[in-house]
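Survey of secondary and tertiary structure
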Amino acid sequence: MAQQIKIKPRLAKGFRDFLPSEMLKRQYVIDTIEGVFQLFGYEPLQTPVLELRDTLFGKYGEDAEQLIYSAQHGRSKSDEVAMRYDLTVPLSRVVAQYENDISFPFRRYQISPVWRGERPQRGRYREFFQCDADIVGVSGMEADAEIISVMNTVYQRLNLPQPIIKINNRKLLTGMGVFSDVIDSQLPDLYRSIDKFDKIGAEGVEKELIERGIPGYAVKRMMDLVQIRDEGNLNLNLLERQIGHIEVANEGIDELRSMAMYLDALGVPQSAYEFDFTMVRGLSYYTGPIFETIIQEPNLGSITGGGRYDNLIGLFRRESLPTVGTSLGIERIIDIMTELDLFPSHVADTVVDILVTVFDDETQIASSRLASQLRKANIRAELYMSDGKFKLGKQFAYADKKGIPLVATLGPDEVANGRVSIKRLSDAKEVDVLQADVVDAVVGLMQIEF
RNA sequence: GUGGGUGUAGCUCAAUGGCAGAGCACCUGAUUGUGGUUCAGGACGUUGUGGGUUCAAAUCCCAUCAUCCACCCCA
């Protein structure tokens, strides 16, 4: 037979496979987040990978739009489709489409992959999971505060080191622009530069603003405002003194004050968040409070993004609905947890509790029966399979390599006496018990294991 | 999209113009009823790909692809 040409196994740029031991970590993080979402009363929603092109375009701003994957079928002449870029716009579509079937306020969560055609980097991929929780239909700050509380609870349960939730308000940014006499067309440039504050510092931002043609006095006013930093609400007071007379800014300040009050009631300590007037966020649909979370060390970029977007749903129906939500990026969370080794010990490399070995052809049936007996007791048992090669050493090495904690052996001696031998690999403790008692023995050995 | 680094065994990397190597992983045995440790042996390569310079190229040059980093932007 002619030599087949082999296809080199590889993936498209920015896409990844997850092998079993990695999937178990991912599932741990996802399960934790999902548990918190449900704890706060959010309910699951699933939407398709593909959306109509028109659903996605015109929502994210020009820069972001260029990153949307189109997904056309070769012969399809009808609907133009694209891959979802986030979970927020699909939610808005769903709300507008099924308003009669939904009770408001609508709290939904969705944990799904999204796609962005960016250049991959550390902590950045073209396919990644977002975990979104949103409240549709509430304009009060109790909703925004709850979203922050959800985020905070997730960080606590995952034991993330010193997460800082940064909070700002689009209304404040607008007010600052007005106050500093920056014309509307220059506002995006202004925000973009301010957002880099952490990276390039005050001087850097100032320099960039001047280069973008914003007048010197406006830059100076802006820089003074943005750099206001004080404990808790105090920086709001300072800001109010300066730009409180501007209506939109005043609204923004009131909102943040109200939020702080609810956060306190929800048990989110002031140390968990800070009002940072240099935090911006690129997506254009935000209208009120905006949030972001960073981990200082290691810093892989923000692990959460979110905010209030009261006008987005209005693009899909006559009247909009006030909405606020957050999006947790598990890829970065997992990268951080991996780097700092934050996974609890029960997040193992395998789902298998015990490997049932097979001694030879004669005892194969007995081993199968034992595996079945264990499974009935809800013990995750793998029956060793090797196409007729029964070397026990091999089977133990296999269990060891996979990280399976227990190994059951039943050779001719055990079968003859109705017994089975269970060995715990971590400390080589081995017990010999009647087959009737095997479940108790396994449970006993597993409990000491942790 | 712009700028830079790196591509050598399954993995991590040596070899600076002169025989392509090591560690780990893998396979066999010491140990035909028990893994991790040890010992002995074994298998593993078109040096990313294509071209050029040279008596001679993993090494120098050009192109191309992949990958990583920074910018842009972002979870």
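Nothing here was measured: the structure is a model prediction, and the numbers come from that model. (Residues numbered from 1 in each chain as written. Chains lettered and ligands numbered in written order. Predicted model: local features only at pLDDT ≥ 70, side-chain atom pairs only at ≥ 80, totals over all residues. Heavy atoms only, no water.)

Our focus in this paragraph is the domain arrangement of chain A. Partitioning chain A into domains gives domain 1 (11-161 + 302-347), domain 2 (162-296) and domain 3 (354-449). Spacing between the C-alpha centres of domain 1 and domain 2 amounts to 24 Å. Contact with domain 1, which involves 36 residues of that partner, is made by 28 residues of domain 2. Around 2,500 Å² of area is buried between domain 1 and domain 2 when both sides are counted, 68% of it from carbon and sulfur atoms. Of all residues in domain 1, M141, I148 and P161 bury the most surface against domain 2, accounting for 22% of the area lost on that side. The interface formed by domain 1 and domain 2 includes zero salt bridges. Where domain 1 packs against domain 2, one counts 10 residue pairs in polar contact (both at pLDDT 80 or more). Listed by contribution, the elements that provide at least two residues to the side of domain 1 that touches domain 2 are helix 3 (62-65), helix 4 (88-97), helix 5 (141-158), strand 9 (304-308) and strand 10 (323-329). Element by element, the count of residues in the side of domain 1 that touches domain 2 is highest for helix 5, at 11 residues. In terms of residue class, the side of domain 1 that touches domain 2 is built from 17 nonpolar, 11 polar and eight charged. (Domains from an automatic or database assignment. Contact = heavy atoms within 4.5 Å. Buried area = accessible area lost by both parts, 1.4 Å probe. Salt bridge = Lys/Arg side-chain N within 4 Å of Asp/Glu carboxyl O. Polar contact = N/O pair within 3.5 Å; in protein donor to acceptor, adjacent residues only side chain to side chain. Helix = DSSP H or I, 4+ residues; strand = E, 2+ residues; numbered from the N terminus. Nonpolar A, V, L, I, M, F, W, Y, C, P; charged D, E, K, R; others polar.)

One pass over the full model with this rule turns up nine aromatic pairs. With a centroid separation of 5.1 Å and an interplanar angle of 65°, the aromatic rings of Y285 and Y286 are classed as edge-to-face. Note on accessibility: Y285 and Y286 belong to one class, buried. Summarising the aromatic geometry, the rings of Y285 and Y309 are spaced 5.6 Å apart at their centres and angled 55° between planes, so their arrangement reads as tilted. Of this pair, Y285 sits in the loop between strand 7 (273-275) and strand 8 (289-295) while Y309 is found in the loop between strand 9 and strand 10, placing the two residues 24 residues apart along the sequence. A relative accessible area of 1% means that Y309 is categorised as buried. One aromatic cluster in this structure is built from Y60, Y85, Y285, Y286 and Y309. (Phe/Tyr/Trp six-rings, centres within 6.5 Å; stacked < 30°, edge-to-face > 60°. Buried < 20%, exposed > 50% of the residue type's maximum accessible area, 1.4 Å probe, protein only.)

What follows covers the sheet that holds strand 11 (residues 354-356). Taken in spatial order, the five strands make up an open sheet running 12-11-13-14-15, and their pairing is mixed. With one partner strand each, in any of the chains shown, strand 12 (381-383) and strand 15 (429-434) form the two edges of the open sheet. Each strand of the sheet is rotated relative to its neighbour by a mean of 25°, with strand direction disregarded. Bridging between strand 14 (residues 419-424) and strand 15 involves six bridges; their strand directions are antiparallel. Bridging from a neighbouring strand, R424 pairs with K429 of strand 15. Running over the sheet, helix 13 (residues 364-376) touches strand 11, strand 12, strand 13 (406-409) and strand 14 and is turned about 165° from strand 12. (Pairing = 2+ DSSP bridges. Axes fitted to C-alpha atoms, helices over the stretch in contact; angles between N-to-C directions.)

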